[in-house]
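One-letter residues, chain by chain:
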Amino acid sequence: MVETIWQDMRYGARMLRRKPGFTAVAVLALGLGIGANTAIFSVVNAVMLRPLPFPQPDRLVRVWESNPGRSWPEFSASQPNYYDWVQQNQVFESLAAQQGSTFNLTGDGEPERIIGAYATANLFHTLGATPAHGRSFVADEDRPGADRVVVLSHGLWQRRFGSDAALVGKTIRLNGESHTVIGVLPAEFSFIAGIDLWVPLARDLAQSDRSNHILSVFGRLKPGISLEQATADLTSIAENLERQFPASNGGWGVRLRSFYDWIVPEATRKSMLILFAAVGFVLLIACVNVANLLLAHAAGRQREMAIRAALGASRARVIRQLLTESLLLSSLGAIVGVLLALWGTHLLTANNDMNIPRLDETSVDGRALAFTMSSSLLTGLIFGMVPAWKASKPNLDDALKEGGRTGAGGSRHRLQSALVVSEIALALVLLVGAGLMIRSFTRLQQAPLGFAPDNVMTMQINLPGSKYAEGPRRVEFFNRLLERLRDVPGVVDAAAISQVPFSGGNWAMEATLEGRDGAGEPPISADTRAVTPGYFRTMGIPLVHGRYFTEQDRDNSPLTLIVSEKFAERCWPGEDPIGKRFKAGTGNPFGTVVGVVGNVRSLSLDDAGRPAFYFAYGHIAMPRLTVVIHTKSEPEALTAAFRSQVLALDDELPIFNIRPMSQIVSSAAGQPRFQTVLLGSFAALALLLAAVGTYGVMSFAVAERRHEVGVRMALGARPGDVIRMIVWEGARLSLGGVAAGILAAFALTRVMASLLFEVSATDPLTFILTSSLLTGVALAACFIPARRATRVDPMTALRQQ
């Protein structure tokens, strides 16, 4: 048996070598299909299928507080509530928390801003992480006065400290204070992207406010406890806390999600599956193309198959030989596909702005290669079985006659036509999907931002508490810095804000309107920002009514506020908001509205913007701000000048996240751009394959009808008549495929509805344009062989019969 298979393989290889053009086209089509599938499978594997890098990740959960009545389905937890959960729950093996922050790292080398977190002592134990060097926190270090210790990520240890194993036990300076390095995490530890160090949370519970929601909470369930049981247990605790503390906990509940659902959100999983299905369509189209090529190739081998049958070869033996050749083709296609996949995955992971979780873990690993081998085997059987079945039963009388035509030509042609219709239908589904994504992405790009990002540079600065503990010192520093930046040649204006749009995260507060706080009306949740005078001019945010902040709006003057149009419409519909008063949060005084500015998209491009209000920075001087600098031309050229102005005021102060505002906006569109580009590429490939398939079938049909064309032209048919006859035949196939594709697309594209922005999943314009494009390309593919048919010499064609 093995020897027979080896003979089939050698004979199949000789046959493929004799038809280098046929082999090259088939292998290339299969390589493109298999390569695209392998690349996308590698992404799906990394993002969705590969286990999370934690021990027993199915027991890990993310815990939020939740207040649906205020449009906060998932919100950070307050520290007192978190400790009540820890003490009262019956379902968690451990509950840990952290608060993200940034730290100024000084000492050897240039000052550097590090993204880090304040964490409870049990965070690493909860996650199942053991330091590669040193140890993690102990309980005694999670209290004020004993918290000057730090655990480093492996990346920071390598990059900043040169992988110095003796670093453990030494001190480094964070925010101007010495901290002892007690541990370094292993390289494979991957938690929240970007965090490079952890220090103990060490908060005094007596000084904590239940209404101050700042903690991210993570839990490890006890063995055998389900997510539903854990949710019920924490919900019961939350209800008790609401009864005990109605002022701070009224309306607050909890929400739990598994780590997998948190790290890989449903929207990401859905988009990955849609892309995987789309690339599967590309492979199916490639299979149909190769099946058509094999049918045409088999037509030339009818005499060979007849001789085999006449010499006693069984039908099963012939089918096995032909399937062996098909599997050889698919194997060669798999080799080409793996090479293309290696290049494709590198291209996909080279872009860091796509906001897709775990994308950097993508690789063509053993699972991806096993998928490639399986795809290769399956595609070989798919495109090889029907041609092998048809070719294995030749008409011996016709096939053995010199120059005879087989009686199977009609059925073979019908089969080829059916395959063309199917690949046109599949291509149209992809084209419609890509068209919807392109239209959606275009709408997303055209959505008004509410500000002008061009020629604006941003940079973040965090003033350490050891030097800038008092608000007036912080205000003075930023005022001096902004004055220096405005004097840099090429700078139009400079200002600062607590958080620029699309920078991740959000600061929201509850606004209580004056006169309504006792009427039982719930506070209004609104995005909150602190800005320096000149911020709105610098960012191009229009003033709708009233005035901007001035230098007189500071802590020794009455509190003033600027609100967005959406905030004004929500709070005082039909009224003039200037002079109205409201209170933000629980500890602040009532402030007076002095201005109304335009709405700004700040969380995502597809979010039209929530109500927002702005404090003057002089009233609420937090240590961390993002400076925005409007320049006359491209701001990147002035980056060194901006750095020098900061260091001139404080040579130990690092600046970080120096990025043009246009780049931040572009990053916000990273994931929809990724989806659109990939789906568009697959659709373009499907269009090309459909055109090639249509061309191949029509060329083969013309070759079979040379005698008929010769007779028609001998009887007086004009070239135009011949072209119309052949193009019409192709048009019937194209229109049949388009009709089937429209029905399939109408049903299948509905699953894309959640990925679209201001475009319906059944958008008529998209269906019309893509159908017209595909029909036009198919007709053009028919025209070339039709044109060639008019060059047939009637006498030559008749003599050949």
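Residues numbered from 1 in each chain as written. Predicted model: local features only at pLDDT ≥ 70, side-chain atom pairs only at ≥ 80, totals over all residues. Heavy atoms only, no water.

## Quick notes on the side chain of Arg257
Structurally, Arg257 is set in strand S12 (residues 253-258). Looking at Arg257, its side chain comes within polar contact range of the side chain of Glu74, at 3.0 Å. Contact partners of Arg257, with chain neighbours within four places excluded, come to Val61, Arg62, Trp64, Glu74, Leu227 and Trp262. (Helix = DSSP H or I, 4+ residues; strand = E, 2+ residues; numbered from the N terminus. Polar contact = N/O pair within 3.5 Å; in protein donor to acceptor, adjacent residues only side chain to side chain. Contact = heavy atoms within 4.5 Å.)

## So, the packing of aromatic side chains
On inspection of all chains with the given rule, the structure shows 27 aromatic pairs. With a centroid separation of 5.2 Å and 70° between ring planes, the pair formed by Phe582 and Phe613 is classed as edge-to-face. In this pair, Phe582 is assigned in strand S19 (residues 581-584) and Phe613 in strand S21 (residues 612-616), connecting sequence segments 31 residues apart. For Phe582, a relative accessible area of 0% puts it in the buried group. One aromatic cluster in this structure is built from Phe567, Trp572, Phe582, Phe613 and Phe615. The positively charged end of Arg62 is found above the aromatic ring belonging to Trp262, 5.4 Å away from the centroid. Lying over the aromatic face of Phe245, Arg210 brings its terminal NZ or CZ to 3.9 Å of the ring centre. (Phe/Tyr/Trp six-rings, centres within 6.5 Å; stacked < 30°, edge-to-face > 60°. Buried < 20%, exposed > 50% of the residue type's maximum accessible area, 1.4 Å probe, protein only. Lys NZ or Arg CZ within 6 Å of the ring centre and 35° of its normal.)

## Focus: the confidence of the model for the chain
Across the chain, the average pLDDT comes to 84, with 87% of residues at or above 70. Within the chain, the lowest mean pLDDT, 50, falls on helix H13 (residues 396-400), and the highest, 95, falls on helix H16 (residues 535-539). Contacts of residues 402-408 to residues separated by more than four positions or lying in other chains number eight contacts, the stretch itself having pLDDT below 50. (pLDDT = per-residue confidence, 0-100.)

## Things to note about the pattern of salt bridges
Counted under the stated rule, the structure contains 23 salt bridges. With a closest N to O distance of 3.2 Å, Glu361 and Arg358 form a salt bridge. Residue classification places Glu361 among the partly exposed positions, given a relative accessible area of 23%. Residue classification places Arg358 among the buried residues on the basis of a relative accessible area of 8%. What you see here is one network of salt bridges that share partners, running through Glu112, Arg159, Arg160 and Asp196. (Salt bridge = Lys/Arg side-chain N within 4 Å of Asp/Glu carboxyl O.)

## Quick word on the pairing of strand S14 (residues 491-497)
Consecutive residues of a regular strand have side chains that alternate between opposite faces of the sheet. Among the seven residues in S14, six count as buried, and that is most of the element. The pairing of S14 with strand S22 (residues 624-631) spans six bridges and is antiparallel. By the bridge assignment for S22, Val491 is matched with Thr631. (Pairing = 2+ DSSP bridges.)

## Quick word on the side chain of Asp527
Turning to its location among the elements, Asp527 is positioned in strand S16 (residues 524-531). We classify Asp527 as buried; its relative accessible area is 3%.

## Focus: the environment of Gln88
With respect to the secondary-structure elements, Gln88 resides in helix H3 (residues 79-88). Considered as a pair, Gln88 and Leu234 are 146 residues apart in the sequence and their alpha carbons are 8.7 Å apart.

## A closer look at the packing of helix H15 (residues 471-486) against helix H18 (residues 639-649)
Running from N to C, H15 and H18 point in directions that differ by 140°, and their axes come no closer than 10 Å. Taken as axis vectors, H15 and H18 run oblique relative to one another. Two packed elements cross with a definite hand, and for H15 against H18 that hand is right-handed. Where H15 approaches H18, its residues Phe477, Arg480, Leu481, Arg484 and Leu485 are matched on the opposing element by Phe642, Gln645, Val646, Ala648 and Leu649. Looking at the contact of H15 with H18 residue by residue, the class counts come to seven nonpolar, one polar and two charged. (Axes fitted to C-alpha atoms, helices over the stretch in contact; angles between N-to-C directions. Parallel < 35°, antiparallel > 145°, perpendicular 65-115°, else oblique. Left-handed = near helix turned anticlockwise from the far one by under 90°. Nonpolar A, V, L, I, M, F, W, Y, C, P; charged D, E, K, R; others polar.)

## Observations concerning the nonpolar core
In this structure, Met272, Leu329, Phe682 and Leu774 are the most contacted members of the largest nonpolar core, which totals 80 residues. Among the elements of the structure, helix H2 (20-49), helix H9 (266-299), helix H11 (315-349), helix H14 (409-446), helix H20 (670-704), helix H22 (719-748) and helix H23 (764-789) are those that each provide at least two residues to this core. A per-element tally of this core places H9 first, with 16 residues. Sequence-distant contacts of Met272, that is, excluding residues within four places in its chain, are made with Val43, Val44, Val47, Met48, Ile356 and Phe674. (Core = buried A, V, L, I, M, F, W, Y, C linked by side-chain atoms within 4.5 Å.)

## Notes on the pairing of strand S8 (residues 171-174)
Here S8 shows one buried face, formed by Ile172 and Leu174, and one open face, formed by Thr171 and Arg173. With two bridges joining them, strand S4 (residues 92-106) and S8 adopt antiparallel strand pairing. If you follow Leu105 over to S8, its bridge partner there is Leu174. Strand direction decides the pairing type here: S8 and strand S9 (residues 177-184), joined by four bridges, are antiparallel. Residue Ile172 lies in a different strand from S9, and its bridge partner there is His179. Linking S8 back to S9 in an antiparallel pair, the connection comprises two residues, with Asn175 at a positive phi of about 50°.

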